[in-house]
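# Report on the structure
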Amino acid sequence: MDFTQESEIHFPTTVVQRQFKGAASLNADLFSLLSSLSDRFVDTPQNAVKSGLISTQGGYQTSTSLNLFTLKHPAIERFRDELVLPAARDYLSQVFGDLASNFNPWPDGWANLLHSGDWQRPHFHPTHRNVVCGVYYVHIPEAKPEPQGNIEFFNPIQASVNHGFPSTRRLVPREGLMILFPPWYVHYVHPFQGEGERAIIAFDILAQKPRGTGAMT
């Protein structure tokens with residue numbers, strides 16, 4: 001019998017993994033900056049972990065009052081302009097299609113330095129007018145047994161688990177890897193054990209660049 005048919009994907013959860021090649025020098029510069037910030041502020045109220053109000057458990061996170069991308073630093077400016085914004089624009093174009101032309105995206109970012117036993121509890125990114133989130137792996141410890149240090153996402157349609165779909169999706173970090181995902185996608189980070197540091201830059205992409213946004217020294 002003849003028929004007509006249309007297929008749609010409802011409420012997709014688009015996740016992009018973009019691996020940057022030749023990023024070792026930039027990563028080294030970023031890691032040096034983040035390490036210096038940690039050395040300076042880890043034992044002060046400028047360490048956002050001290051508040052106990054954020055998802056990061058242990059280690060160091062830049063102050064919630066600081067947008068990392070406003071720092072006037074060559075590595076941050078290069079990272080923002082050559083990696084973050086182009087990737088964000090590509091993601092928005094893929095997800096929103098022609099509507100992406102209405103956006104003037106701008107990143108609001110922070111950094112984490114984690115050590116043995118540190119982790120991030122389940123959370124999402126409810127920043128006002130946030131249209132995509134991302135994490136970039138600046139420096140990771142030597143290979144650890146899984147799931148140590150992995151980022152894990154929760155299935156946003158929990159009822160689907162009753163019908164055979166997985167409850168989570170786990171991704172393995174690599175230096176130079178950027179992961180982009182929707183703001184509402186709940187995730188957490190497993191702790192790792194042993195030597196080494198895990199340095200990342202996380203960010204929310206705002207739909208519009210705030211007025212008066214400028215660089216800080």
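A brief report on the enclosed structure follows. None of these values were measured; they are calculated from a predicted model. (Residues numbered from 1 in each chain as written. Predicted model: local features only at pLDDT ≥ 70, side-chain atom pairs only at ≥ 80, totals over all residues. Heavy atoms only, no water.)

## Digging into the overall build of the chain
Check the secondary structure of the chain and you find two helices and 11 strands. When the helices and strands of the chain are listed from N to C terminus, the series reads β-α-β-β-α-β-β-β-β-β-β-β-β. In summary, the chain has a C-alpha radius of gyration of 18 Å against a globular reference of 17 Å for 217 residues, a match within 12%. The C-alpha extent of the chain, read off along each of the three principal axes, is 70 × 40 × 35 Å. (Helix = DSSP H or I, 4+ residues; strand = E, 2+ residues; numbered from the N terminus. Rg over C-alpha atoms; globule rule 2.2 N^0.38 Å.)

## Here we look at the sheet that holds strand β6 (residues 130–139)
Taken together, six strands build an open sheet; the order of strands is β1-β9-β6-β11-β4-β3 and the sheet is antiparallel. Across the chains shown, the open sheet's two edge strands, defined by having one partner strand only, are β1 (16–19) and β3 (60–61). As judged from the nine bridges shared by strand β4 (residues 106–114) and strand β11 (residues 198–206), these two strands associate in the antiparallel manner. Following the sheet pairing, glycine 109 is matched in β11 by phenylalanine 203. This element, helix α1 (residues 24–41), spans β3, β4, β6 and β11 of the sheet and lies at about 95 degrees to β6. (Pairing = 2+ DSSP bridges. Contact = heavy atoms within 4.5 Å. Axes fitted to C-alpha atoms, helices over the stretch in contact; angles between N-to-C directions.)

## Observations concerning α1
Between its first and last C-alpha, α1 extends 25 Å over 18 residues, near the 26 Å set by a 1.5 Å rise per residue. For α1, every residue scored as buried is listed here: Leu26, Asn27, Leu30, Phe31, Leu33, Leu34, Ser35, Leu37 and Ser38. Those residues of α1 that are buried lie in contact with β3, α2 (74–96), β4, β6 and β11. (Expected span 1.5 Å × (residues − 1). Buried < 20%, exposed > 50% of the residue type's maximum accessible area, 1.4 Å probe, protein only.)

## Thoughts on the sheet that holds strand β5 (residues 119–123)
The five strands lie next to each other as β2-β5-β10-β7-β8, forming an open sheet whose pairing is antiparallel. Each edge of the open sheet carries a strand with a single partner, namely β2 (56–57) and β8 (168–171). As judged from the three bridges shared by strand β7 (residues 151–154) and strand β10 (residues 187–189), these two strands associate in the antiparallel manner. What sits directly across from phenylalanine 153, in β10, is histidine 187.

## Examining a nonpolar patch on the surface
Together, Val95, Phe96 and Leu99 make up a nonpolar patch on the protein surface, roughly 250 Å² of accessible area in all. Among the secondary structure elements, valine 95 is positioned in helix α2. By relative accessible area, valine 95 is classed as partly exposed at 37%. (Patch = residues over 30% accessible without salt bridge, like charges linked within 9 Å, V, L, I, M, F, W, Y side chains within 5 Å. Areas by Shrake-Rupley, 256 points an atom, 1.4 Å probe, with all protein chains shown as cover. Salt bridge = Lys/Arg side-chain N within 4 Å of Asp/Glu carboxyl O.)

## A short note on the environment of alanine 199
Note that alanine 199 resides in strand β11. When the C-alpha positions of alanine 199 and isoleucine 140 are compared, they lie 6.3 Å apart, and in sequence the two are 59 residues distant. In contact with alanine 199, not counting residues within four places along its chain, are Phe31, Leu34, Asn112, Leu113, Tyr136, Tyr137, Val138 and His139.

## Brief notes about the packing of aromatic side chains
To describe a pair of aromatic rings, you give the distance between the ring centres and the angle between the ring planes. One pass over the full model with this rule turns up nine aromatic pairs. Between phenylalanine 79 and tyrosine 136, the aromatic rings sit 4.9 Å apart at their centres with planes inclined by 50 degrees, giving tilted as the arrangement. Remark: tyrosine 136 occurs in strand β6 and phenylalanine 79 occurs in helix α2; sequence separation between them is 57 residues. Aromatic side chains phenylalanine 96 and phenylalanine 103 sit 5.1 Å apart centroid to centroid with 85 degrees between the ring planes, which places their arrangement in the edge-to-face category. Through pairs of rings, three or more aromatic residues link up here, namely Phe20, Phe69, Phe79, Tyr136 and Phe203. In this structure, lysine 209 packs its charged tip against the face of tryptophan 106, placed 4.3 Å from the ring centre. (Phe/Tyr/Trp six-rings, centres within 6.5 Å; stacked < 30°, edge-to-face > 60°. Lys NZ or Arg CZ within 6 Å of the ring centre and 35° of its normal.)

In short, the description is geometric, and any link to function would need to be established separately.
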